Amino acid sequence: MAEQPVDTEPTGRNVAGEVPAAEPDAVTDETTVHDDDVELERTIGLVGGLAIGIGTMIGAGIFVFPGLAANNAGLAATVSFAVGGLIALLVALPTSELATAMPRSGGGYYFISRGMGTAYGAIVGLGLWLGLMFASAFYLVGLGHYASAVFAELGVGLSFSPVIGIGLLFGAALTALSIGGTENTAAIQNIVVGVLLVVLTGFLSYGVLDAVGVFGRTSVPEQFFSRGYFPVLTTAALVFTSYLGFAQVATVAGEIKQPGRNLPLAMVGSVLVVTVFYVVTIFVATSAFGADRLGQFGETAMVEVARDFLGLPGAVAILGAGLLATFSSANASILSASRAVYALSRDALLPRKASEVNLRYGTPHVALLAAGGPILALVATGQVELLAEVASFLHLIMYGLMCVALIVLRRRDPEWYSPSYRAPGYPILPGIGALASFALIAFMQPASIGIGIVVMIVSYLWYRYYAGDVTLKGDI
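All residue numbers here refer to positions counted from 1 along the written sequence of the relevant chain. Thresholds applied to this predicted model are a pLDDT of at least 70 for local features of residues and 80 or more for the giving and counting of side-chain atom pairs; totals over whole chains, interfaces and linings are not thresholded and use all residues. Neither water nor hydrogens contribute to the side-chain values; these are computed over all heavy atoms in the structure.

Participant: Residues and numbers for the nonpolar core, please.
Facilitator: To qualify as a nonpolar core, a set must consist of buried Ala, Val, Leu, Ile, Met, Phe, Trp, Tyr and Cys residues joined through side-chain atoms within 4.5 Å. Under the scheme applied here, a residue whose accessible area is under 20% of the maximum for its type counts as buried, over 50% as exposed, and between as partly exposed, the area being computed with a 1.4 Å probe on protein chains only. Counting 153 residues, the largest nonpolar core has F63, M102, F246, V305 and Y399 as the members making the most contacts within it. Per-element accounting of this core gives the leading share, 22 residues, to helix α12 (residues 301-346). Should any heavy atoms of two residues lie within 4.5 Å, those residues are counted as being in contact. Once residues lying within four places of it in the same chain are set aside, the contact partners of F63 are I58, Y146, L196, L200, E299, M302, I318, A321, G322 and A325. In this description a helix means any DSSP run of H or I spanning at least four residues, a strand means any run of E spanning at least two, and both kinds are numbered starting from the N terminus.

In structure tokens form, the structure reads like this:
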């Protein structure tokens, strides 16, 4: 059993007269117990944590982005993914330390609010909730594109595009599934990710051998920086949505078993595994067609790559894998978005109703509905690249501030801060992680930056109106 995470309880009231919930009475490897007899069970092990991280990241990066990325940066999109992976790793190490010191649902919001104060926490927490909704909508739209490609492959002619309708249907279904229990979503996630890794390992191994001429067709792609150098960074900003999964592991930290061991392994391990898959995927895809033609295929470019290598069976296999991947990404994102709402509600930054736990299933059902409903509205827009970049913007702000929070907590060294894992390279590594996260924002589209800034401003105004008197640890 662990000690209380802070030495002074949060104080103050919001406009509804609600006070922040007390910190947990007990945090064990199996459950988090609050003084109102509410228990948030720890049902997700190391495999489940890796599955959330890998399953979320592997969807967009491999099945939606190759065509878009190659169109922007050519073969150098491999560097774009590598840059994204490096920034994610720089942030994953400090986040692992914070998560072992504060293994609570809410992830980055909880860390920043306890390390830097209520205002920062409110901006990040509300931004995290909205950012995960943008990401979930992006994944669901990608799922719709792959499902539409299945209809086309089967020769089923439709008088309308089913992309949005399918995304809406699965969004509603996944929200309902999550309400039924995290063990349900974790079990499905484990199976889906296992199948994905097997299919992708086989496909990419064949693709690499084909690209280097083992099968008699050397097809090493064109000039590396065919689009120039600047697009490498703009593309890195676009595809950074692919690396949101490791932070989603921290968001459900309150439900991870043995958090001191499993959180760092799940976060760092998922980043390393997925980065390798991304880089190899772009190399194989551009080897097959070249960047110009690959970009013409859009969100389902990998289906055409598989068809080129293996014919119809390859196209069908990647179609199925793409459906599974976008499904798993959306599944994990909806789960994580709800946990952000849950944490904000317990701190009185949102109405207390949002943190109610369903007595039958042990899940925050109101928080799940608060996440799932707006996601459906965003899916209806169908704007793939815009949804992806806004999600990236909001997460990069959070990532940078998490690195800053680590530096602040190490310098203050409060009595309650006793992580079981310590990130190496302090203070240089978290400092670089913060600077890299903020710097990547500069390469985004103006529209994405604008929407992200509006979300942050609205988040701060909501905090000032609804919970201006609430004080969390960092303010004390």
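Participant: Describe in detail the environment of A82, supporting the description with residues and values.
Facilitator: For A82, the location among the structural elements is in helix α3 (residues 77-101). You can call A82 partly exposed: its relative accessible area is 34%.

Participant: Tell me what's going on with α12, and back it up with residues and numbers.
Facilitator: Here α12 spans only 43 Å end to end across 46 residues, well under the 68 Å set by a 1.5 Å rise per residue. The angle between axes fitted to the seven residues ending at a residue and the seven residues starting there is what we call the bend at that residue. The largest bend along α12 reaches roughly 145° and is located at L310, with the proline P313 sitting one to four residues downstream. In terms of burial, α12 is largely enclosed, as 34 of its 46 residues are buried. One or two positions beyond α12, positive phi appears at A348, with a value near 65°. One less than the residue count of a helix, multiplied by 1.5 Å, gives the span that helix is expected to have.

Participant: How would you summarise the side chain of S113 if you had to cite specific residues and measurements?
Facilitator: Structurally, the position occupied by S113 is in helix α4 (residues 108-116). By relative accessible area, S113 is classed as buried at 0%. In terms of polar contacts, S113 uses its side chain to reach the backbone carbonyl oxygen of Y110, at 3.1 Å. Throughout this description, a polar contact denotes any pair of N or O atoms lying within 3.5 Å of each other; where both atoms belong to protein, one of them has to be capable of donating a hydrogen while the other can accept it, and for residues adjacent in sequence the pair is counted only when both atoms sit in side chains.

Participant: How would you sum up the confidence of the model for the chain? Please name residues and give values.
Facilitator: Looking at the chain, the pLDDT average stands at 82 and 88% of residues meet or exceed 70. The low-confidence segment residues 1-7 (pLDDT under 50) makes 21 contacts with residues lying over four places distant or belonging to another chain. As a per-residue measure, pLDDT tells how confident the predictor is, with possible values from 0 to 100.

Participant: Got a sec to walk through the packing of aromatic side chains? Specific residues and values, please.
Facilitator: What counts as a ring pair is set by centres within 6.5 Å for rings of Phe, Tyr and Trp (its six-membered ring), and what kind of pair is set by the plane angle: stacked under 30 degrees, edge-to-face over 60, tilted for all other angles. Under the counting rule described, the total for this entry stands at 18 aromatic pairs. Ring geometry for F63 and Y146: centres 6.0 Å apart, planes at 85°, overall edge-to-face. Of this pair, F63 sits in helix α1 (residues 46-63) while Y146 sits in helix α5 (residues 118-153), and the two are 83 residues apart along the sequence. One exposure class covers both F63 and Y146, and it is buried. Between F225 and Y229 the ring centres are 4.6 Å apart and the planes differ by 40°, which places this aromatic pair in the tilted class. The partly exposed category is assigned to F225, whose relative accessible area is 29%. Grouping aromatic residues by their ring pairs yields a cluster made of F81, F240, Y243, F246, Y278 and Y399. Placement of a charge over a ring requires the Lys NZ or Arg CZ to be within 6 Å of the ring centre, with the centre-to-atom vector within 35 degrees of the ring normal. The side chain of R114 reaches across the aromatic face of Y110, ending 4.2 Å from its centre. Seen from the ring of Y426, R410 lies directly overhead, with NZ or CZ sitting 4.6 Å from the centre.

Participant: Could you give an account of the pattern of salt bridges, naming the residues involved and the relevant values?
Facilitator: Salt bridges, as used here, are contacts in which a Lys or Arg side-chain nitrogen is within 4 Å of a carboxyl oxygen on Asp or Glu. Under the counting rule described, the total for this entry stands at six salt bridges. Here R410 makes a salt bridge to E97, at a shortest N to O gap of 2.8 Å. Residue R410 is found in helix α14 (residues 384-412), and its partner E97 is found in helix α3; the two are separated by 313 residues along the sequence. Each member of the pair, R410 as well as E97, carries the same accessibility label: buried. One salt-bridge network, held together by shared partners, links E97, R410 and R422.

Participant: Lay out the packing of α3 against helix α15 (residues 428-441) in plain terms, naming residues and giving numbers.
Facilitator: In this analysis an axis means a line fitted to C-alpha atoms, helices contributing only their contacting stretch, and an angle means the value between N-to-C directions, from 0 to 180 degrees. Relative orientation of the contacting elements α3 and α15 amounts to 135°, with a least axis distance of 9 Å. It follows from the interaxial angle that α3 and α15 lie oblique. Crossing angle aside, the handedness with which α3 passes α15 is left-handed. For the pair formed by α3 and α15, the contact residues are I87, L90, V91, L93 and P94 on the first element and L429, P430, I432, G433, A436, S437 and L440 on the second. Three classes are used: nonpolar for Ala, Val, Leu, Ile, Met, Phe, Trp, Tyr, Cys and Pro, charged for Asp, Glu, Lys and Arg, and polar for all others, with Gly counted as polar. Residues of the contact of α3 with α15, tallied by class, amount to ten nonpolar, two polar and no charged. Between 65 and 115 degrees an angle is taken as roughly perpendicular, under 35 as roughly parallel, over 145 as roughly antiparallel, and anywhere else as oblique. Should the near helix be turned anticlockwise from the far one by less than a right angle, the crossing is left-handed, and should it be turned clockwise, the crossing is right-handed.

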